[in-house]
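# Breakdown of the fold
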Amino acid sequence: MWLEQSVVVVATRNKGKIREFAHAFAPFGKQVKSMYDYPELPDIVEDGKTFAENAFKKAKTVGDALRLPVLADDSGLCVDALNGEPGVYSARFAGAGASDQENNLKLLDRLESRQLGDDTEQPLLSPARFVCALILYDPVSGEALEAEGSVEGWITSETAGSGGFGYDPLFYLSQYGKTMAELTLEEKQAISHRGAALRQLAAELEKKQ
Ligand SMILES: O=c1nc[nH]c2c1ncn2[C@H]1C[C@H](O)[C@@H](COP(=O)(O)OP(=O)(O)OP(=O)(O)O)O1
Ligand SMILES: [Mg+2]
């Protein structure tokens, strides 16, 4: 069913995610629609303890409302020096409705205030990873497919780049010598948590054929 459809509905209002999904599905001739295309959809309270729980809630809420198969993404940044925070709270780290810039500033503030002494002044503040959980939910069968991906990097105090979204300007990839925000969409997709989760989901779908 889902593989034949020319439209993919993604249960998100994040424009950065929408851009990445549109880029990922374009080669398959699939157009991406988001919650902006269905203004009647409710806000979804993301009260799960895991990315997968939240992604499932997004997919089920939107899928049941539209009676269409829906893909949902819940993702975030887990920072070692903060014991995995902000994790599932990434979007509201600096408070409900916080902007990316406010969240980034709070993250740097939390990490820089942990540095002891002046001689620890190095731009790499902590190992970190982005995690993305995807759920593809079909309201007719009630079936849900799940995939998860992650990417390892470092939080840097030398922010750089204007691509991507969210915490990308702070997320340094040693193998590229660049932040995630300095990568093209193509490059980001090849290594990102979202790209990895999408490839895993595609493999799951293939198994079911
Ligand atoms: O590739 C990424 N590059 C940088 N930052 C990222 C990425 N992926 C997730 N993030 C951050 C952004 C946000 O602070 C949180 C996602 O929160 P999350 O609830 O999944 O998304 P959201 O509220 O922005 O949109 P929605 O729930 O409508 O999908 O993690
Ligand atoms: Mg959200």
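Please read all numbers here as calculations on a predicted model, not as lab measurements.

About the thresholds
Residues numbered from 1 in each chain as written. Chains lettered and ligands numbered in written order. Predicted model: local features only at pLDDT ≥ 70, side-chain atom pairs only at ≥ 80, totals over all residues. Helix = DSSP H or I, 4+ residues; strand = E, 2+ residues; numbered from the N terminus. Rg over C-alpha atoms; globule rule 2.2 N^0.38 Å. Buried ≥ 20, exposed ≤ 12 C-beta atoms within 10 Å, placed from the backbone. Near = placed C-beta within 6 Å. Nonpolar A, V, L, I, M, F, W, Y, C, P; charged D, E, K, R; others polar. Contact = placed C-beta atoms within 7 Å. pLDDT = per-residue confidence, 0-100. Pairing = 2+ DSSP bridges. UniProt positions renumbered as here; feature names shortened; annotations may be inferred. Core = buried A, V, L, I, M, F, W, Y, C linked by C-beta atoms within 7 Å. Axes fitted to C-alpha atoms, helices over the stretch in contact; angles between N-to-C directions.

For the chain, the helix and strand inventory stands at 5 helices and 7 strands. Listing the helices and strands of the chain from first to last along the sequence gives β-α-β-α-β-α-β-β-β-β-α-α. Computed over the C-alpha atoms, the radius of gyration of the chain is 18 Å, within 12% of the 17 Å expected from 2.2 N^0.38 for a compact globule of 209 residues. Along the first, second and third principal axes, the C-alpha set of the chain runs to 60 × 30 × 25 Å. When burial is assessed residue by residue, the chain has 35% of its 209 residues classed as buried.

Here the focus is the site of ligand 1. In the region of ligand 1, 22 residues are neighbours, and Thr12, Asn14, Ser90, Ala91 and Gly166 sit closest. Among the elements that take part in the shell around ligand 1, strand β3 (residues 70-79) stands out by supplying 5 residues, more than any other. Of the residues in the shell around ligand 1, the class split is 6 nonpolar, 9 polar and 7 charged.

Our next topic: the environment of Ala94. Note on placement: Ala94 falls in the loop between β3 and α3 (100-112). For the pair Ala94 and Asn104, spaced 10 residues apart in sequence, the C-alpha separation works out to 8.5 Å. When sequence neighbours within four positions are dropped, the list of residues in contact with Ala94 reads Glu102, Asn103 and Lys106.

Per-residue pLDDT for the chain averages 94, and the proportion of residues at 70 or more is 96%. As a predicted assembly, this complex carries a pTM of 0.96 together with an ipTM value of 0.99.

Attention now moves to the pairing of strand β4 (residues 124-138). Relative to β4, β3 runs antiparallel, the two being bridged by 10 bridges. Bridge pairing in β4 links Leu71 to Leu136. Note: β4 against strand β5 (residues 143-156), 14 bridges, orientation antiparallel. Following the sheet pairing, Ala128 is matched in β5 by Gly153.

Okay, the UniProt feature "active site" (unreviewed entry) in the chain next. Summarizing the sequence annotation, UniProt attributes the feature "active site" (unreviewed entry) to Asp74 in the numbering used throughout. With respect to the helices and strands, the residue Asp74 is situated in strand β3. On the basis of neighbour count, Asp74 is assigned to the buried category, with 28 C-beta atoms found within 10 Å. When neighbours within four sequence positions are excluded, Asp74 is seen to be in contact with Glu46, Phe51, Asn54, Ala55, Lys58 and Ala133.

The next thing to look at is the nonpolar core. Counting 42 residues, the largest nonpolar core has Ala59, Leu71 and Leu134 as the members making the most contacts within it. Elements supplying a minimum of two residues to this core: β1 (7-10), α1 (15-25), α2 (51-66), β3, β4, β5, β6 (171-173) and α5 (193-208). For this core, the leading source of residues is β4, giving 10 residues. Every residue in contact with Leu134, bar those within four places of it in the chain, is listed here: Ala55, Leu71, Asp73, Ala147, Ala197, Leu198 and Leu201.

On to the sheet that holds β1, then. Across the sheet, 7 strands lie side by side as β2-β1-β3-β4-β5-β6-β7; this open sheet has mixed pairing. Each edge of the open sheet is held by one strand with a lone partner, namely β2 (31-33) and β7 (178-179). Sheet analysis places β1 next to β2, joined by 3 bridges and oriented parallel. Bridge pairing links Val9 to Lys33 in β2. The strands touched by α5 within the sheet are β3, β4 and β5, with β5 carrying the most contacts at an inclination of about 155 degrees.

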